[in-house]
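In case you want the letters, here they are:
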Amino acid sequence: MDVRAHVSVIFHLDKCIGCHTCSVACKNVWTDRPGAEYMWWNNVETKPGTGYPTRWEDQEKFNGGWKYDAEKKDIALRCQNKADTFLKLFYNPNQPNLQDYYEPFTYKYEDLFTAPAGDDQPTAVPVSLITGEPIEIKSGPNWDDDLSGSPIYAENDLNLDKLTEEERAQLFEIERLTMFYLPRICNHCANPTCVAACPSGAIYKRGEDGIVLINQEKCRGWRACVAACPYKKIYFNWKTGKSEKCILCFPRLETGQPPACFHSCVGRIRYLGVLLYDADKIPSAMKVSDRALVDSQRDAILDPHDPEVVAAALRNGISEEFLDSAQNSPAYKYVIEWKLALPLHIEYRTMPMLFYVPPLLPVMGKSANGTYEHSADKFFTSLEDARIPVKYLASLFSAGNEQVVEAVMRKLMAVRYYKRWQSVRDLAENDVHRILREAKTTPEEVEAIYQMTAIPTHYQRFVLPPLQREEAIESTCSPEACKGCSGFSLDPAFTPRA
Ligand code: SF4
Ligand code: SF4
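Residues numbered from 1 in each chain as written. Chains lettered and ligands numbered in written order. Predicted model: local features only at pLDDT ≥ 70, side-chain atom pairs only at ≥ 80, totals over all residues. Heavy atoms only, no water.

(A) Structural view of the site of ligand 2. Taken together, 14 residues surround ligand 2, and among them Cys16, Cys19, His20, Cys22 and Cys265 come closest. No fewer than three residues from each of domain 1 (12-193 + 209-246) and domain 2 (267-461) sit in the shell around ligand 2. (Near = heavy atom within 4 Å. Domains from an automatic or database assignment.)

In structure tokens:
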């Protein structure tokens with residue numbers, strides 16, 4: 001057993017209100033500079049929808065992730081092999097281009113103030129952030145937000161391909177359109193294709209916490225990582241000629257603060273905590289059939305309370321403080337204890353370490369006579385008729401394995417029924433306990449899920465481990481011990497605060 005620690009995250013989709021505050025917080029902190037205008041390290045997509053970059057899930061076009069050979073029980077990069085790696089440095093037909101993203105723009109706001117007096121209201125025309133010239137806006141990073149443009153955009157969602165006409169109709173019935181939000185950042189995968197594809201060895205996973213970073217000094221701008229990442233979460237900076245990606249705000253983590261998108265999240269959908277995993281299992285974990293992938297990933301994650309795991313972790317140099325945060329981790333609770341959080345598109349086999357609690361909303365199921373049921377009982381009998389088809393969610397969160405998603409939905413629904421019964425008492429007690437049994441849960445577990453979902457404190461959502469700094473600097477910062485090293489600041493004139 002080779003125990004490693006990983007900072008992992010949970011996004012609870014029922015709580016996301018699609019406000020994009022997370023995206024703006026990230027943009028302001030990290031990508032508000034030349035060459036990075038089109039980068040959205042954090043973006044929020046509407047599902048069904050095409051996402052950003054447009055139709056990023058289309059691996060026939062973009063060729064990202066790992067390809068599984070069932071006969072050999074082996075995986076290989078989809079985007080390149082030993083023979084064509086060199087050639088693809090110079091031309092890679094699977095790279096996303098500007099049309100797949102959008103031409104970044106701003107508005108000429110000064111025209112609003114400087115326009116001469118006239119009969120018409122002055123307008124701020126859009127101008128390209130690349131050329132500075134006026135442009136006609138044709139797309140943007142959340143162009144299909146809230147199903148706008150539907151069905152043109154929503155119907156182009158690749159996950160709909162697996163649905164029957166009837167199931168598609170459930171999603172798109174006029175005036176009953178169903179949608180939810182899917183915030184996305186880099187998954188800081190445990191088996192990342194971006195790292196495997198980089199010819200310069202510039203991308204690496206930090207040993208102590210699993211954060212995937214790009215060494216800007218080593219990056220040669222070949223962009224193999226952009227093609228290889230199936231989530232399209234690496235962006236090429238056209239100004240510096242280097243690739244960039246989400247860094248999980250490691251400078252904030254190292255100073256005891258959650259990442260900017262987590263801290264600013266209005267819906268409080270985001271949780272962060274340590275997962276321990278067995279690195280010995282990583283090479284084989286993703287070499288199983290699609291149906292077995294979720295269980296295989298769960299199997300690689302270790303119980304931080306198990307004395308054997310604790311001993312092996314200490315032998316590997318994981319500190320007791322780190323183990324303490326693993327034992328209190330909300331990520332462990334959601335992923336392993338409650339089995340409510342699932343990875344996005346695990347069939348890409350990069351082993352994402354970002355997990356989603358799938359959305360239950362809207363809770364109403366469709367009954368046989370075509371009306372929408374509010375009643376608790378009827379929901380379970382019509383799970384297959386839920387407004388968001390289970391098959392659609394399975395396409396996103398369990399490589400098509402509907403049983404995995406059904407188990408999650410049943411437990412999420414059981415929490416609602418139990419809490420409703422507690423406060424409203426409009427359900428029979430026997431029925432509520434039957435629902436709990438069918439969902440394989442208990443009143444104690446339901447209370448714990450409710451607490452962590454609905455009323456968690458800041459420190460329950462973010463259980464930050466004590467992290468080392470990326471580059472060792474003098475750690476004796478205090479007025480007495482100050483050696484004038486300037487700490488984090490790059491400014492030589494920096495004076496430490498007394
Ligand atoms: S999601 Fe992040 S870690 Fe995973 S392959 Fe893409 S860039 Fe790499
Ligand atoms: S800030 Fe939170 S609630 Fe708002 S869109 Fe982002 S993830 Fe959703």
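(B) Fine view of the layout of surface pockets. Here the second largest pocket is characterised by a volume of approximately 410 Å³. Every residue lining the second largest pocket is counted, 19 residues in all, and those nearest its centre are Tyr38, Pro96, Asn97, Arg223 and Phe236. Counting residues per element, the lining of the second largest pocket draws most heavily on helix H3 (residues 85-90), at 3 residues. Looking at the lining of the second largest pocket residue by residue, the classes come out as 13 nonpolar, 4 polar and 2 charged. (1 Å grid on protein atoms, 1.4 Å probe; cavity = no way out; pocket = protein on both sides within 12 Å on 5 of 7 lines; lining within 4 Å. Points joined across faces, edges and corners; volume = space filled by probe spheres on them. Helix = DSSP H or I, 4+ residues; strand = E, 2+ residues; numbered from the N terminus. Nonpolar A, V, L, I, M, F, W, Y, C, P; charged D, E, K, R; others polar.)

(C) Main features of the environment of Pro96. Mapped onto the secondary structure, Pro96 falls in the loop between H3 and strand S5 (105-107). On a C-alpha basis, the gap between Pro96 and Lys232 in space is 8.6 Å, while along the polypeptide they are 136 residues apart. The residues touching Pro96, leaving out its near neighbours within four places in the chain, are Phe62, Tyr101, Val226 and Lys232. (Contact = heavy atoms within 4.5 Å.)

(D) The confidence of the model for the protein chain, seen in detail. Mean pLDDT over the protein chain: 87, with 88% of residues reaching 70 or higher. Scored below 50 in pLDDT, residues 470-477 makes 13 contacts in the model with residues more than four places away or belonging to other chains. (pLDDT = per-residue confidence, 0-100.)

(E) Representation of the sheet that holds strand S1 (residues 3-12). Strand order in this open sheet of 5 strands is S13-S12-S1-S15-S14, and the pairing throughout is mixed. The strands lining the two open edges of the sheet, one partner per strand, are strand S13 (301-302) and strand S14 (342-343). (Pairing = 2+ DSSP bridges.)

(F) Layout of the site of ligand 1. Around ligand 1, the structure places Cys186, Asn187, His188, Cys189, Pro192, Thr193, Cys194, Val212, Cys229, Tyr231, Ile234 and Lys245. The cavity that encloses ligand 1 is the largest cavity. Looking at the shell around ligand 1 residue by residue, the class counts come to 8 nonpolar, 3 polar and 1 charged. (Sits in = over half its atoms within 2 Å of the grid points.)

(G) Seen up close, empty space enclosed by the protein. A complete count under the given rule lists 8 cavities of 30 Å³ or more for this structure. Every residue lining the largest cavity is counted, 15 residues in all, and those nearest its centre are Cys186, Cys189, Cys194, Cys229 and Tyr231. Residue composition of the lining of the largest cavity, by class: 9 nonpolar, 4 polar and 2 charged. Taken as a whole, the second largest cavity encloses approximately 90 Å³ of empty space. Taken together, Cys26, Trp30, Trp41, Asn42, Ile185, Cys246, Ile247, Leu248, Cys249, Pro259 and Cys261 make up the full set of residues lining the second largest cavity. Its residues assigned to classes, the lining of the second largest cavity shows 10 nonpolar, 1 polar and no charged.

(H) Expanded view of the packing of helix H12 (residues 307-315) against helix H13 (residues 320-327). Viewed as axis vectors pointing N to C, H12 and H13 meet at an angle of 145 degrees, and their least axial separation amounts to 10 Å. Handedness of the H12/H13 crossing: right-handed. Between H12 and H13, the residues in contact are Val310, Ala313 and Leu314 and Glu320, Leu323 and Gln327, respectively. Across the contact of H12 with H13, the residue classes break down as 4 nonpolar, 1 polar and 1 charged. (Axes fitted to C-alpha atoms, helices over the stretch in contact; angles between N-to-C directions. Left-handed = near helix turned anticlockwise from the far one by under 90°.)

(I) Inspection of the environment of Trp56 at higher detail. Within the secondary structure layout, Trp56 lies in the loop between strand S2 (43-47) and helix H2 (59-62). For Trp56, a relative accessible area of 0% gives the class buried. Note: C-alpha distance between Trp56 and Tyr231 (175 residues apart in sequence) is 6.6 Å. Not counting chain neighbours up to four residues away, the residues in contact with Trp56 comprise Glu45, Thr50, Gly51, Phe62, Arg184, Pro230, Tyr231, Lys232, Leu344, His345 and Tyr348. (Buried < 20%, exposed > 50% of the residue type's maximum accessible area, 1.4 Å probe, protein only.)

(J) Molecular detail of unusual backbone geometry. The residue after Lys47, namely Pro48, is reached through a cis peptide bond having omega 0 degrees. Relative to the helices and strands, Pro48 resides in the loop between S2 and H2. One non-glycine residue, Lys73, lies in positive phi territory at about 50 degrees. One non-glycine residue with positive phi stands out, namely Arg349, at about 65 degrees. The class for Arg349 is buried, based on a relative accessible area of 3%.

(K) Layout of the packing of helix H14 (residues 330-337) against helix H19 (residues 443-454). Relative to each other, H14 and H19 sit at 135 degrees, their axes nearing to 12 Å. On the basis of their axis angle, the class for H14 and H19 is oblique. Where H14 crosses over H19, the handedness of that crossing is left-handed. Side by side, H14 and H19 meet where Pro330, Lys333, Tyr334 and Glu337 of the first sit next to Glu445, Ile449, Met452 and Thr453 of the second. (Parallel < 35°, antiparallel > 145°, perpendicular 65-115°, else oblique.)

(L) Summary view of helix H1 (residues 21-31). Taken as a whole, H1 has its buried residues at Cys22, Ser23, Ala25, Cys26, Lys27 and Thr31. Where H1 is buried, its residues meet S2, helix H9 (260-264) and strand S12 (270-278).

(M) Quick peek at the nonpolar core. By size, the foremost hydrophobic cluster in this structure holds 128 residues, and its most contacted members are Ile10, Phe11, Phe262, Leu276, Tyr334 and Phe397. Ranked by the residues each element gives to this core, the list is headed by helix H17 (residues 402-424), at 11 residues. Among the domains, domain 1 (12-193 + 209-246) and domain 2 (267-461) are the pair contributing at least three residues each to this core. Ranked by size, the runner-up nonpolar core spans 8 residues in total, among them Cys79, Ala197, Ala227 and Ala228. (Core = buried A, V, L, I, M, F, W, Y, C linked by side-chain atoms within 4.5 Å.)

(N) How the structure looks around the pairing of S12. In terms of residue burial, S12 counts as a mostly covered element, since 9 of its 9 residues are buried. Of the strand pairs in this sheet, S1 and S12 are connected by 9 bridges, and their pairing is antiparallel. Counted as the bridge partner of His6 is Leu275 from S12. Across 2 bridges, the pairing between S12 and S13 is antiparallel. Residue pairing in the sheet places Tyr277 in a bridge with Ile301 of S13.

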